[in-house]
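An overview of the molecular structure
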Amino acid sequence: MERPIVDPYRRRFLRFLTLGAAAGGISGAALAQTLRVSPRDILEAKEALNVSDFLPIAERTMRPAHFGYLQTGVLDDGTIDANRAAYRNWGIRARRLIDVSRIDLTTKLLGETWASPVVLAPVASQRAYHHEAERPVARAARSRGALQILSTMTNISIETVIADRQGPIWFQLYPTNDMDIAKALVTRADRAGASAIVFTADLLSGGMRRETQERLARMDPGDCSSCHDRSAGFADLVRRKAMFDRFDLGEARTLNNPSLTWEFIRRLRDWTDKKVLVKGIMTPEDAEMALAYGADGLIVSNHGGRAEESLVGTLDALPAIAEKINRRVPLLLDGGIRRGTDVFKALALGASAVCVGRPYIWGLSAFGSEGVEAVLNIMDEELRSVMQQAGVTRIGAIGRNNLTPLG
Ligand SMILES: Cc1cc2nc3c(=O)[nH]c(=O)nc-3n(C[C@H](O)[C@H](O)[C@H](O)COP(=O)(O)O)c2cc1C
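Procedures and definitions
Residues numbered from 1 in each chain as written. Predicted model: local features only at pLDDT ≥ 70, side-chain atom pairs only at ≥ 80, totals over all residues. Heavy atoms only, no water. Near = heavy atom within 4 Å. Polar contact = N/O pair within 3.5 Å; in protein donor to acceptor, adjacent residues only side chain to side chain. Areas by Shrake-Rupley, 256 points an atom, 1.4 Å probe, with all protein chains shown as cover. Nonpolar A, V, L, I, M, F, W, Y, C, P; charged D, E, K, R; others polar. Phe/Tyr/Trp six-rings, centres within 6.5 Å; stacked < 30°, edge-to-face > 60°. Helix = DSSP H or I, 4+ residues; strand = E, 2+ residues; numbered from the N terminus. Buried < 20%, exposed > 50% of the residue type's maximum accessible area, 1.4 Å probe, protein only. Domains from an automatic or database assignment. Contact = heavy atoms within 4.5 Å. Pairing = 2+ DSSP bridges. Axes fitted to C-alpha atoms, helices over the stretch in contact; angles between N-to-C directions. Salt bridge = Lys/Arg side-chain N within 4 Å of Asp/Glu carboxyl O. Arc of directions from axis to C-beta. Core = buried A, V, L, I, M, F, W, Y, C linked by side-chain atoms within 4.5 Å.

Some words on the site of the ligand
Of all residues adjacent to the ligand, which total 23 residues, the nearest are P122, S151, T200, D334 and R338. For the ligand, an oxygen atom lies 2.7 Å from a polar atom in the side chain of T200. In the environment of the ligand, an oxygen atom lies 2.9 Å from a nitrogen or oxygen atom belonging to the backbone of G357. Considered on its own, the ligand offers 600 Å² of accessible surface; in the complex 99% of this is hidden by protein. Among the residues making up the shell around the ligand, the classes are represented as nine nonpolar, nine polar and five charged.

Written out as structure tokens, the structure reads:
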């Protein structure tokens, strides 16, 4: 289970070792061996056997408060568990004696072609995980030919990220409560070269309480007030967020807006010619509404278990949504994807592509760009090998007939 491995004593012991070794002139390699305190510990990105191998390293490199923000769900974190558990309900049908010597992972979405169906989900404030923030992620996306979705809450400007990516990205929108600001964000992303706007609809009311985050923040021995000034409210939230650096905040008081309705999708359509996707869809009814109001694509998502404590896993929600959509628009899915087999199952149940969130942040925090690349590479390799076992050579050929329900 993907639980925070909160062991402050071990953390302090490792810090003590690091400082002591540096002071005593002990080499990096000797220190690295000392730090390998568990069989799962890796010292280089290439040692990772799976994406979860980056988690303990990431935990060690981050402040407890930031690790809590990354790992948290809401309430009992039950929807995080539901996202993962859903993959256990499906088995993969192994097929033999099909020519699987060439496997093609290329994936077409809204007229663009990507090297893989694995997409980098929007994750806010990446300076909390690496001093270069979103830039190493853009470089990894470039080298892997992957689609990167950039959060409204990016620390690095969208212009710089697109320059690093050397190609289009998608921009994720939190609208704020001020429609002038929402429009300005969309216009800036549009002009910078984003090829799609992804409107996140699952946190409009702010989401439920993130208890794990709050508990871990209490354990952080550092002084959070040197970076965060809670009394400044929204202004503090968007301080150091590059999308907000060009305009005064006007009427904006919140990142989201609980009064928005489906009409907002129409407004978005008026503001941009780019493709518009809605992220956070969990029911066929909402999928239909999004299409009726003009969405070009959907992302089945519960924000990685950070929005509602519904206990409904995204993979469980997918088949009914896919049936309703019937391939009229691309349908992406995220939440709990940790293995190539998970990617395969989501594609088989109707997803056109999948997004991963936390795993690439573990890679980023542990090894920068190399870590993000390794996460994408591992996912692709696992997907490739499960496609071979299932006797499917193209992404578009993966279907419901490749799965069998379990239990
Ligand atoms: C630390 C963190 C920050 C996130 N920030 C955003 C964000 O700014 N915008 C957004 O639409 N989703 C955001 N998400 C949700 C992700 O885009 C994605 O839906 C989720 O992480 C997928 O689940 P996974 O982490 O289990 O892969 C965030 C998720 C995490 C873990």
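Some details on the packing of aromatic side chains
Applying the stated criterion to the full structure yields four aromatic pairs. Centroid distance F234 to F244: 6.1 Å. Interplanar angle 85°. Geometry classified as edge-to-face. Separated by 10 residues along the polypeptide, F234 in helix α10 (residues 233-237) and F244 in the loop between α10 and α11 (263-271) bring together distant segments of the chain. F234 sits in the buried class, given a relative accessible area of 7%. Relative to W271, the ring of F264 has its centre 5.8 Å away and its plane inclined at 80°; by these criteria the two rings are edge-to-face. The class of F264 is buried, set by a relative accessible area of 3%. Through a chain of ring-to-ring contacts, three or more aromatic side chains come together here, namely F199, F264 and W271.

Some words on the domain arrangement of the protein
By domain assignment, the protein separates into domain 1 (1-37) and domain 2 (47-405). For domain 1 versus domain 2, the separation of C-alpha centres amounts to 31 Å.

Notes on the side chain of D220
Considering the arrangement of structural elements, one finds D220 in the loop between α9 (211-219) and α10. For D220, the contacting residues outside a window of four places in its chain are R63, P64 and A65.

A short note on the sheet that holds strand β10 (residues 331-334)
What the eight strands build is an open sheet, ordered β4-β11-β10-β9-β8-β7-β6-β5; its pairing is parallel. Across the chains shown, the open sheet's two edge strands, defined by having one partner strand only, are β4 (118-120) and β5 (149-150). With three bridges joining them, β10 and strand β11 (residues 353-356) adopt parallel strand pairing. Within the sheet, the bridge partner assigned to L333 lies in β11 and is V354. On top of the sheet, helix α12 (residues 284-292) reaches β8 (275-281) and β9 (297-300); it is set at about 160° to β8, its chief contact.

A few points about the pattern of salt bridges
Taken as a whole, this structure holds 18 salt bridges when the rule is applied. Put simply, D245 and R188 hold a salt bridge, and the shortest N to O gap is 3.1 Å. On the criterion of sequence distance, the pair formed by D245 in the loop between α10 and α11 and R188 in helix α8 (residues 179-192) is long-range, its members being 57 residues apart. For R188, a relative accessible area of 9% translates into the label buried. D236 is paired through a salt bridge with R239; the nearest N and O atoms lie 2.7 Å apart. Connected via shared salt-bridge partners are E159, R188 and D245.

Focus: the environment of Q388
One can find Q388 in helix α15 (residues 358-390). In this structure the C-alpha to C-alpha distance between Q388 and R95, which are 293 residues apart in sequence, comes to 8.5 Å. The residues touching Q388, leaving out its near neighbours within four places in the chain, are R95, V100 and I103.

Quick word on α11
Residues F264, I265, L268 and W271 constitute the buried set of α11. Buried positions in α11, seen along its axis, are confined to an arc of 115° and lie on one side of it. Each element contacted by the buried residues of α11 is listed here: β6 (170-173), α8, β7 (196-200) and β8.

Describing the nonpolar core
Ranked by internal contacts, the top residues of the largest apolar core, which has 111 residues, are F54, I158 and L298. Among the elements that take part in this core, α15 stands out by supplying 15 residues, more than any other. Among residues more than four places away in sequence, those in contact with F54 are I42, A45, A48, W362, G363, A366, F367, G371, A374, V375 and I378. Counting 14 residues, the second largest nonpolar core, distinct from the first, contains L109, I149, W170 and L277.

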